[in-house]
Amino acid sequence: MSVSRTLLALLEPGPRHGYDLKRAYDEQFAQGRQLAYGQVYSTLSRLLRNGLVEEAGVEHGAGPDRKRYTITDAGVTDVETWLGTAENPEPYLQNTLYTKVVLALLSGRSATEVLDTQRSAHLKVMRELTRRKTGGDLADQLICDHALFHLEADLRWLELTAARLDALAEVVRP
Amino acid sequence: MTGPLLVGRDLHKTFGATQALRGADVSVRAGEVLAVMGPSGSGKSTLLHCLAGIVTPDSGSIEYQGRDLVAMSDAERSALRRTDFGFVFQFGQLVPELTCLENVALPLRLGGVKRKVAEAKARQWLERVEVGELGARRPGDVSGGQGQRVAVARALVGDPQVVFADEPTGALDSLNGETVMQLLTEAARSANAAVVLVTHEARVAAHSDREIVVRDGTATDRELVS
Ligand SMILES: Nc1ncnc2c1ncn2[C@@H]1O[C@H](COP(=O)(O)OP(=O)(O)O)[C@@H](O)[C@H]1O
Ligand SMILES: [Mg+2]
């Protein structure tokens, strides 16, 4: 996920200090992994350089971190374009799993075992997400659901592959 | 650690030419939610029916609280189903002629509990699964999600040791399915009832404590490998 785009979009409703911005980010999106101040300030100076934000005054008598930042027109356009563009659906996990399954078949190991091991690892994470969701607020629920649906998709692929292992073995074995 | 509540070993069951089960092992511990996963047609429902004493296996053993379920008479088995087991199926398990309240009270009434007492308890259960207002309606006049909540209430009203749930959310959309799973597992956990949850959906299985996988009529249970 683009932290820089997210911070930029958080400036759209109105100017903020770097500290406010970090707090707004952490409140909405951190999920237990808060942003480092360093990352906020380095992101802001890059956005500044690229003309997507500008300084909107310094509080009297305050240090450099009391600078307020405001989004520019170019920044608003950037946010709008980003929000309007679909993310790349990334089949990264399938690639790794597919490689493992093929390697298991090629080496005469049990591909079913590879898939079973992966299933129980997936289910373990899914159980944790489900527990977190049950105790959580609506934001937690929606974020956990996103992860759950993705993991479920992996598992459906896994089941389909398990049902096709014999056919796959014939294709990949010399 | 106490032994399992319910154990099936080396279960076989043939329907005509179809070998639905060909060596399935499974154990259920008191109070645990066990997911029974596997592809469609792999034998999950047959396994559940055997464990619940609805179907008699051709061979293999089933022990419930140390009692041999296969050797029991039909009358003993149906008494056990009434007193110790609860059931939630995918659909069609509510009696259409009875109101939702009467449906939930039914297991208690069949066990000889007086109408007033049974219906008071049934009302509590309907409220517990958040459909207290539906008591007077008939199953045909409630939505699929509401009907499954009523079914959950009916499964738990008799304080069962084991709830057998076969694809309980199979006919529901994601949100209703989620709610039914939460209500079912929460109610069962707080009543310390075990749940045997048959599902082919990982998101549903994620409500369990552990899982077994049925494949081509076979299943192994790590808890049983001794
Ligand atoms: N009463 C029955 N009569 C004939 N065949 C059956 C019966 N019950 C199940 N089967 C067959 O046994 C196999 C396993 O069925 P089932 O246990 O319902 O699988 P699952 O619940 O995993 O989808 C399937 O091939 C099914 O068609
Ligand atoms: Mg079935």
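Residues numbered from 1 in each chain as written. Chains lettered and ligands numbered in written order. Predicted model: local features only at pLDDT ≥ 70, side-chain atom pairs only at ≥ 80, totals over all residues. Heavy atoms only, no water.

1. Notes on the sheet that holds strand β1 (residues 16-17) of chain A
All names here are of chain A. The sheet built from three strands is open, its strands ordered β1-β3-β2 with antiparallel pairing. A strand with exactly one partner marks an edge of an open sheet, and here the two such strands are β1 and β2 (53-58). Note that β1 and strand β3 (residues 67-71) share two bridges and pair antiparallel. When the bridges of β3 are listed, R16 appears paired with Y69. Against the sheet, helix α3 (residues 37-49) touches β2 and β3, its axis set at about 110 degrees to β2. (Pairing = 2+ DSSP bridges. Helix = DSSP H or I, 4+ residues; strand = E, 2+ residues; numbered from the N terminus. Contact = heavy atoms within 4.5 Å. Axes fitted to C-alpha atoms, helices over the stretch in contact; angles between N-to-C directions.)

2. Structural notes on the interface of chain A and chain B
The interface is formed by 15 residues belonging to chain A together with 16 residues belonging to chain B. For the chain A face of the interface with chain B, the top three residues by lost area are L123, R127 and E152 of chain A, together amounting to 36%. Applying the counting criterion to the chain A and chain B interface returns four salt bridges. We note a salt bridge from E152 of chain A to R203 of chain B, for which the minimum N-O separation is 2.9 Å. Between the two partners, chain A and chain B, sit four residue pairs in polar contact (both at pLDDT 80 or more). Broken down by secondary-structure element, the contributors of at least two residues to the side of chain A that touches chain B are α6 (111-135) and α7 (138-163) of chain A. (Buried area = accessible area lost by both parts, 1.4 Å probe. Salt bridge = Lys/Arg side-chain N within 4 Å of Asp/Glu carboxyl O. Polar contact = N/O pair within 3.5 Å; in protein donor to acceptor, adjacent residues only side chain to side chain.)

3. Description of the site of ligand 1
Residue and element names in this part refer to chain B. In the vicinity of ligand 1, the contacting residues are F15, T18, A20, P39, S40, G41, S42, G43, K44, S45 and T46. One of the side-chain nitrogen or oxygen atoms of S45 is found 2.8 Å away from an oxygen atom of ligand 1. Here an oxygen atom of ligand 1 and a side-chain polar atom of T46 are 2.6 Å apart. Relative to its free-state accessible area of 560 Å², ligand 1 is covered by the protein chains to the extent of 58%. Breaking the shell around ligand 1 down by element, the ones donating at least two residues are β2 (18-28) and α1 (44-51). (Near = heavy atom within 4 Å. Areas by Shrake-Rupley, 256 points an atom, 1.4 Å probe, with all protein chains shown as cover.)

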